[in-house]
Structures are given as structure tokens and as C-alpha cells.
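Observations on the model geometry
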Amino acid sequence: MKNVLNNSKKGILMVTLFATLLSFANEVSIFNIKNDAEKTSLTLNNVKQGNLLSIKDNNGIVLYKELIQESGTYTNGFDLTTLPNGGYIFELDKDVEIQTIPFTVSVNTVTFNKEMEATIFKPVTRIKGDVVYVSRLSLNKAPMEIAIYFTASESAYNSPELIYSETVKNTENANRIFKLSGKDKGNYKIVFTTEGRVFTKEI
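Described in the following lines is the structure provided in the data block. (Residues numbered from 1 in each chain as written. Predicted model: local features only at pLDDT ≥ 70, side-chain atom pairs only at ≥ 80, totals over all residues. Heavy atoms only, no water.)

1. Quick notes on the overall build of the protein
To keep it simple, the criterion reads: Each helix is a run of DSSP H or I of at least 4 residues and each strand a run of E of at least 2, with the numbering of both proceeding from the N terminus. Think of it in three bands: with a 1.4 Å probe and only protein chains considered, a residue is buried below 20% of the maximum accessible area for its type, exposed above 50%, and partly exposed in between. For this analysis, residues touch if any pair of their heavy atoms sits within 4.5 Å. Accessibility throughout is a Shrake-Rupley quantity obtained with a 1.4 Å probe, and a residue counts as covered only by protein chains that appear here.
For the protein, the count of helices and strands is zero helices and 18 strands. The proportion of buried residues among the 203 residues of the protein is 42%. Long-range pairs, those at least 24 residues apart, make up 55% of the contacts in the protein between residues at least 6 apart in sequence. Here the protein displays about 11,800 Å² of accessible surface, and carbon together with sulfur accounts for 49% of that area.

2. Some thoughts on the layout of surface pockets
Let me state the cut-off plainly: Cavities and pockets were defined on a 1 Å grid built over protein atoms only: a cavity is a set of grid points that admits a 1.4 Å probe from which the probe cannot escape, a pocket is an open set flanked by protein on both sides within 12 Å along at least five of seven lines, and lining residues are those with an atom within 4 Å of any such point. Grid points are joined across faces, edges and corners, and a volume is the space filled by probe spheres set on the points. Gly counts as polar in this scheme, as do all residues outside two lists: the nonpolar Ala, Val, Leu, Ile, Met, Phe, Trp, Tyr, Cys and Pro, and the charged Asp, Glu, Lys and Arg.
One number sums up the size of the largest pocket: a volume of about 230 Å³. Around the largest pocket sit Lys 56, Asp 57, Asn 58, Gly 60, Ile 89, Glu 91, Thr 100, Pro 102, Met 116, Ala 118, Ile 120 and Arg 197, which together line it. For the lining of the largest pocket, the secondary structure elements donating two or more residues are strand 5 (52–57), strand 8 (86–93), strand 9 (97–106) and strand 11 (118–121). Split into classes, the residues belonging to the lining of the largest pocket amount to five nonpolar, three polar and four charged.

3. Describing the pairing of strand 13 (residues 131–137)
Put simply, the rule is: Note on pairing: DSSP must find at least two bridges between two strands before they are called paired.
The buried count for strand 13 comes to six of seven residues, which makes it a mostly enclosed element. Summarising the sheet, strand 12 (residues 124–128) and strand 13 pair through five bridges and their orientation is antiparallel. Paired with Arg 126 across the strands is Tyr 133, a residue of strand 13. Counting the residues in the hairpin turn of strand 12 and strand 13 gives two residues, including Gly 129, whose phi is positive at 65°.

4. A short note on the environment of Lys 201
Within the fold, Lys 201 resides in strand 18 (residues 197–202). You can call Lys 201 partly exposed: its relative accessible area is 29%. A sequence separation of 12 residues divides Lys 201 from Lys 189, and the C-alpha atoms of the two residues are 5.7 Å apart. In this structure Lys 201 touches Thr 125, Ile 127, Tyr 188, Lys 189 and Ile 190, once residues within four positions along its chain are discounted.

5. Quick word on the nonpolar core
Using the following cut-off: The term nonpolar core refers to a set of buried residues drawn from Ala, Val, Leu, Ile, Met, Phe, Trp, Tyr and Cys, joined through side-chain atoms within 4.5 Å.
Ranked by size, the top nonpolar core spans 20 residues in total, and within it Val 132, Ile 146, Ile 148, Phe 178, Tyr 188, Ile 190 and Phe 192 carry the most contacts. Only strand 13, strand 14 (144–152), strand 15 (161–168), strand 16 (173–180) and strand 17 (186–194) provide two or more residues apiece to this core. In contact with Ile 190, other than residues within four places in its own chain, are Val 132, Ile 146, Ala 147, Ile 148, Phe 199, Thr 200, Lys 201 and Ile 203. Core analysis: the second largest hydrophobic core is formed by 18 residues, Ile 68, Leu 83, Tyr 88 and Val 105 among them.

Below is the structure:
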């Protein structure tokens, strides 16, 4: 069963697939944390070169970031006791997912809450000709907004125009197919917003 939306003016065809056509390989990285009085040892398994590790505060401000240099197992020690009292996260940004480990600092004491560890799966886009395949896995069925913008090549001001928007709800596996037949007449940008994060794809 499928539902088809067609906007011939902007050359976009969207097919909503209610059956699960695409699936994700859930690459789970195991976080091993060892705390002592002066240092927190963090071990990450199954990392890849180019993954981004960061420490952020509750306002999303990046306090530390590091590109993983070698694939395999990553281990490093951090003195987190010098941070001001408050909430923080370790964040590992991988190819198709973002893993977070929250922790709090209170009077030089660092506490990790393993129950609050989370994985956010990024929307994955594949382009084949003028067809764009979008997939996103969300085990907690988080809503995801999809917005497609078109900028015409002949536009005097090159101002992007919103030509399609949708909010995907109540599903673990979201799959969409878009036919962008006007690629030769301009550029598309797909913006995904989910779980407080924004992901973009330029076409």
C-alpha cells in the first residue's frame, strides 16, 4: 500500500511506504567507564577513524572535541572534576548514529547514569539518479520533521522555497522516496529535525 504526492511544478514526487522496505544495521558501541578520585577513564568499542567524540554541557556548548584517529577501541582519561557543577554528556558522532552518555558533576564528584544513555539514529539518504531514498530508525518513535527546499537556478535572489513538509510520527522505521525531477533547474535541500537536532542534505 502506498500514498503518492505529486508536485509537478517543482518536480517532486513523494511515495510513502507503509511497509518496511529499508533497515538499519544497528552498530552498538559499548561504553566502558571507570571512575577514580582524579580521572575518568572512557573506553569506546567499535569506533571508526573520523568519528567525533565531544563533551557538551546542558546548553549544547562544546567543551571538548576530538576526532577518532584509529578504528577499533578508543581509551582516554579525562579529569572531569574540574568542571562546574551541572549536567554534561559525552557524545560520539558516528556515520549513522549519535550515542550520548550523560553525567553530572557535583562538588568534584562525577556521576554517570547508565540508564540515561541514548542512541539517536540519523536520517540516511541515498541518491540514485533523480530519486532520493530516506530512512530513519527511532526505537522510541520520536517524531521527525522533513522539509524540502528548492532554489531555482534562474532565480534572481536565489531564495530557497519550501515545497514540501511533513512530520513523521509514531513509527520506529520511517521510509520515504522522493523523485526530484527538477534537479537540472535548481538545487534541493532536505532538512530533518528530530530529538532537538537538525540534519541537512544538499542535492
